[in-house]
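Okay, here's what each chain looks like letter by letter:
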Amino acid sequence: SSKTFWTTTGMFPQELIIGFPKCVKISKVAIQCYLVRTLRIERSTSKDPVGFEKCIEKDLQHREGQLQMEEFPLPEFQATYLRFIIKSAFDHFVSVHRVMAEGT
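Residues numbered from 1 in each chain as written. Predicted model: local features only at pLDDT ≥ 70, side-chain atom pairs only at ≥ 80, totals over all residues. Heavy atoms only, no water.

As recorded in an unreviewed UniProt entry, the protein chain goes by the name IFT25 protein, listed as coming from Anthoscopus minutus.

Caption draft 1: Fine view of the packing of aromatic side chains. Within the structure shown, the criterion is met by zero aromatic pairs. For the cation-ring pair, R43 lies above F77, with the distance from its terminal atom to the ring centre recorded as 4.9 Å. (Phe/Tyr/Trp six-rings, centres within 6.5 Å; stacked < 30°, edge-to-face > 60°. Lys NZ or Arg CZ within 6 Å of the ring centre and 35° of its normal.)

Caption draft 2: The pairing of strand β6 (residues 95–103), seen in detail. One ladder, built from two bridges, connects strand β1 (residues 6–7) with β6; its direction is antiparallel. Bridge pairing links T7 to S95 in β6. Bridge count between strand β2 (residues 14–34) and β6: eight bridges; the pairing is antiparallel. Along β6, the bridge assignment pairs Y34 with S95. (Pairing = 2+ DSSP bridges. Helix = DSSP H or I, 4+ residues; strand = E, 2+ residues; numbered from the N terminus.)

Caption draft 3: Structural context of the sheet that holds strand β4 (residues 53–59). Strands sit in the order β1-β6-β2-β5-β3-β4 across an open sheet of six strands; the sheet is antiparallel. Sheet topology places β1 and β4 at the edges, where each strand pairs with a single neighbour. With six bridges joining them, strand β3 (residues 36–44) and β4 adopt antiparallel strand pairing. Across the sheet, residue R43 finds its bridge partner in β4, namely E53.

Caption draft 4: Quick look at unusual backbone geometry. The step from F12 to P13 runs through a cis peptide bond, and the omega angle for that step is 10°. Tracing the chain through its elements places P13 in the loop between β1 and β2. Its identity is not glycine, yet L35 carries a phi of approximately 70°, on the positive side. By secondary structure assignment, the location of L35 is in the loop between β2 and β3.

Right under this line is the structure:
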């Protein structure tokens, strides 16, 4: 829902794990967030959310009063779980408003 969001508890790092029913091919991941400074995305192809490997780590641009929208193309990428780690922020609290994964 565009009216809901996930917020951090004020300490970093914070993480959010998204699971798929089976291992899927992902071509792009996008995130809509607020006040995130450094974001890391990891993946796991296991049946359980273990054995994560780093895929992307990026410093996001601060947009005062606006949501950050970041897209990450991921060619030939497979995952059962995605872990989003917010390593640092521009404030004590941040929010994640939407996470999208495109693929098959």
